[in-house]
Every structure is written in structure tokens, then in C-alpha cells.
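Chain by chain, the residues:
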Amino acid sequence: MDMKNTASTSIPSPSLLSSSPSTLTIIPPSTTTSGSSSTLSPSSQSPSPSRYEAQKRRDWNTFGQYLKNHQPPLSLAQCSGAHVLEYLRYLDQFGKTKVHVQMCPFFGLPHPPVPCPCPLRQAWGSLDALIGRLRAAHEENGGSPETNPFAARAVRLYLREVREVQAKARGVSYEKKKRKKPTQGGNLPSSSDAPPSTGATSA
């Protein structure tokens, strides 16, 4: 008598299919054979992507759409550090962080008492995190580290300038906090400890 093993394939939801920039790979679920029957393992379903991976995918798709809508349209191979700077300046129109101009009476004040007409910009912390995700996504999608436009020197200088300008205009500091040295007999910090976050908030 022939025995037939049954296996089911988990089909991703349409939202995951539409948002994934890479080719979809379906991994057959693992099975456990006991006697004359096969049962599916509870861990056969693919885990959901982390918040970071999901955000990185959205950022990559958004940048790809920006290149398509560019005049003239650009391919990823044609993209340079200058185009990345154009993209960052383009995003400023969607910013929510108040950056005071030098003539503003609230220049350098972290908490102005009343609203002012100064422009809204993308916060430095948001831009810095965005570039980090796009730099990683570029290499994950076949890009070379040597030609990665998100790692261009011009992009690093621009982010540094944005950080300095916003720190002075908003009266905030973006300097990373120094770690305290472990006391004698205390536990040493592990290599997996993440550096302190420096997210920016709107004034």
C-alpha cells in the first residue's frame, strides 16, 4: 500500500507581495513523520518581518518610485550622491520639525513660547536613519558597496551640516552620551549593546 505525504504551502498576503522588491521565494514547510501519517510543524509559517525590515522595504520602494518620477527618469545604476541629496531636499516639504532662521527671536530656543513662521524640515535624526536603511537596502538588492550612492561623501557632509544647523537653530544637542565606565566587580557591557538613540522631536 502506497503512502502519500501531504504538505501545504503558506501563501503570503497580497500586501507582502506588493511591497517586496525582491523575488518571492516559497520555502516548503517542514514535516514530521510519525508512523503512517505526516503532520505539519507549527513553525512552518514564515515569521513576519521586523519593524526595521518593513520600514526599510517601504523606504526602498518609495525611493524607487521617486527615481521613476524623476525628470528625466533614472535607473538605480544612474543614481549618484547628487541625486540622493535631491531626494533628501525633496523630503523636506513633508517635514514636521521647526527649524528657526537666524532672524527669528526664538532662534536657539528648544521650547518657543508661541508659534512662529519658520519653515518645517525633516529632522536630522530621521534623515540619518533613512540613509542608513537605504544604504543597507541598496547592497541587499545587488548594489556594490564601492558605488553605493547613499554612502557618498557628499551625503555624509550634508547630514553633518543638517545636524549642526538644526542643533543651533533649535537649541538642542545631538551629541551621543558617553557610556559610564563599569564599576569594579560590575558587569561589563556586552558587544551587542546598542548606542543611545538620538531621535529628534519637533519644536
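Look a little higher up for the structure.
To start, this report covers the structure provided alongside it. Given the structure is predicted, the values throughout are model-derived calculations rather than measurements.

Cut-offs and rules
- Residues numbered from 1 in each chain as written.
- Predicted model: local features only at pLDDT ≥ 70, side-chain atom pairs only at ≥ 80, totals over all residues.
- Heavy atoms only, no water.
- Helix = DSSP H or I, 4+ residues; strand = E, 2+ residues; numbered from the N terminus.
- Buried < 20%, exposed > 50% of the residue type's maximum accessible area, 1.4 Å probe, protein only.
- Contact = heavy atoms within 4.5 Å.
- Core = buried A, V, L, I, M, F, W, Y, C linked by side-chain atoms within 4.5 Å.

### Notes on the environment of Lys-56
Piece 1. Residue position: Lys-56 is located in helix H2 (residues 51–69).
Piece 2. We classify Lys-56 as buried; its relative accessible area is 3%.
Piece 3. Each C-alpha atom of the pair Lys-56 and Leu-130 lies 8.1 Å from the other, and the pair is 74 residues apart in sequence.
Piece 4. Leave out the neighbours within four places in its chain, and Lys-56 touches Arg-133, Ala-136, Ala-137 and Glu-140.

### Regarding the environment of Phe-63
Piece 1. By the element assignment, Phe-63 lies in helix H2.
Piece 2. Separated by 71 residues in sequence, Phe-63 and Leu-134 place their C-alpha atoms 8.5 Å apart.
Piece 3. Those residues within four positions of Phe-63 in sequence are excluded, and the remaining contacts are Leu-76, Cys-79, Tyr-87, Leu-134 and Phe-150.

### As for the nonpolar core
A general tendency of soluble globular proteins is for nonpolar side chains to be buried together.
Piece 1. Within the largest apolar cluster, 24 residues are counted, with the highest numbers of intra-cluster contacts made by Phe-63 and Leu-88.
Piece 2. For this core, the elements supplying multiple residues, two or more each, are H2, helix H3 (81–91), helix H4 (124–140) and helix H5 (153–170).
Piece 3. It is H4 that contributes the most residues to this core, six residues altogether.
Piece 4. In contact with Leu-88, other than residues within four places in its own chain, are Leu-127, Leu-130, Ile-131, Tyr-158 and Leu-159.

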